[in-house]
Amino acid sequence: MDLCMLAADLFDASEETVREAQENCRVAVIPITQGEGIIGSFSESVAAIVRSMGFTAEVMEHTDVDGIYEAVCGGFSLLFFADDIRYLALNIRENRCSDNNYATALGFIRVLCAMMKKAGKDPYSEEILQIGYGIVGKEAARILDRLGIRFVLYDKDPAAVEKFDGTLLRDRNGIKDYSFILDFTNEGGWLRREDLREGVLYASPGVPYSMDEDAADFFEKSSVHDNLEIGTAVMLGQSLWGKS
């Protein structure tokens, strides 16, 4: 599936509903200077992702509150913006919003489930390993619980999982025992080829990517990883078709 299909599938949007949104919804991406300031090419990247999904998207000339004013006066209905703390999509016509942390967790769970189904595996009959219990990892754990998907959690920091009420993997060497992995860590190059089972199905939004160069090359055909695209696509879908 492509990004638009992923978003539509998650929120049960029909082809007709998607086409109508593509024709009528204009997306404004607003550069934000708050905190550490504008991330180079971030706004342009978000706009490019939205355009790749068949929507009209523009980066506002002005920043911050003035950029919001420009978007509203320009007739844009969906606003994307981020500061140091939160990356948000806001539907100002229908009073809906989507947070990137939740959207990224939901998107990668859906991607791994799709990979498993393509391989003939039922996500509800298997056990997934989730690596990482930070901001996005906590969102993922809540979603997996809600969906009724069994999972084991590993985090290298014992303090991070003290309040987790579920099954834990304590030994890093046990990662190799799992065939289906969701990785929400943010440390680059710590997973080696020998740490993973051959044939593993692996999905991760990690920035930077956990796999080292050798592992990334070896598992390329059985893994999904991107820095921004899936989370942004799900944000668009939730702000258009998700529940308020």
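The preceding data block contains the structure.
Caption draft 1: Quick look at the packing of helix 3 (residues 42-52) against helix 8 (residues 229-241). Following both chains from N to C, one finds helix 3 and helix 8 inclined at 65°, their axes separated by 10 Å at the closest point. Considering the relative orientation of helix 3 and helix 8, their crossing is right-handed. Of the residues in helix 8, those touching helix 3 at Val 46, Ile 49 and Val 50 are Glu 229, Thr 232 and Leu 236.

Caption draft 2: Broad picture of the sheet that holds strand 6 (residues 127-131). The strand order across the open sheet built from 5 strands is 7-6-8-9-10, with neighbouring strands paired in parallel fashion. At either end of the open sheet lies a strand with only one pairing partner, and these are strand 7 (150-154) and strand 10 (223-225). Direction aside, neighbouring strands of the sheet carry axes that sit 15° apart on average. Bridge count for strand 6 against strand 8 (residues 180-183) is 3 bridges, and the pairing is parallel. Note on strand 8: the bridge partner recorded for Gln 130 is Leu 182. Docked against the sheet, helix 6 (residues 135-147) engages strand 6, strand 7 and strand 8, running at close to 165° with respect to strand 6.

Caption draft 3: Just the pattern of salt bridges, in detail. All chains considered together, the criterion is met by 11 salt bridges. Salt-bridge contacts for Arg 150 lead to Glu 127; the nearest nitrogen and oxygen are separated by 3.6 Å. With Arg 150 in strand 7 and Glu 127 in strand 6, this residue pair connects regions lying 23 residues apart in the sequence. Assessed through its relative accessible area of 43%, Arg 150 is described here as partly exposed. Classification of Glu 127 as partly exposed rests on a relative accessible area of 30%. Arg 192 serves as the salt-bridge partner of Glu 194, at 3.8 Å between the closest nitrogen and oxygen. Of the residues examined, Glu 194 reaches a relative accessible area of 47% and is grouped as partly exposed. The partly exposed category is assigned to Arg 192, whose relative accessible area is 36%.

The rules behind these values
- Residues numbered from 1 in each chain as written.
- Predicted model: local features only at pLDDT ≥ 70, side-chain atom pairs only at ≥ 80, totals over all residues.
- Heavy atoms only, no water.
- Axes fitted to C-alpha atoms, helices over the stretch in contact; angles between N-to-C directions.
- Helix = DSSP H or I, 4+ residues; strand = E, 2+ residues; numbered from the N terminus.
- Left-handed = near helix turned anticlockwise from the far one by under 90°.
- Contact = heavy atoms within 4.5 Å.
- Pairing = 2+ DSSP bridges.
- Salt bridge = Lys/Arg side-chain N within 4 Å of Asp/Glu carboxyl O.
- Buried < 20%, exposed > 50% of the residue type's maximum accessible area, 1.4 Å probe, protein only.

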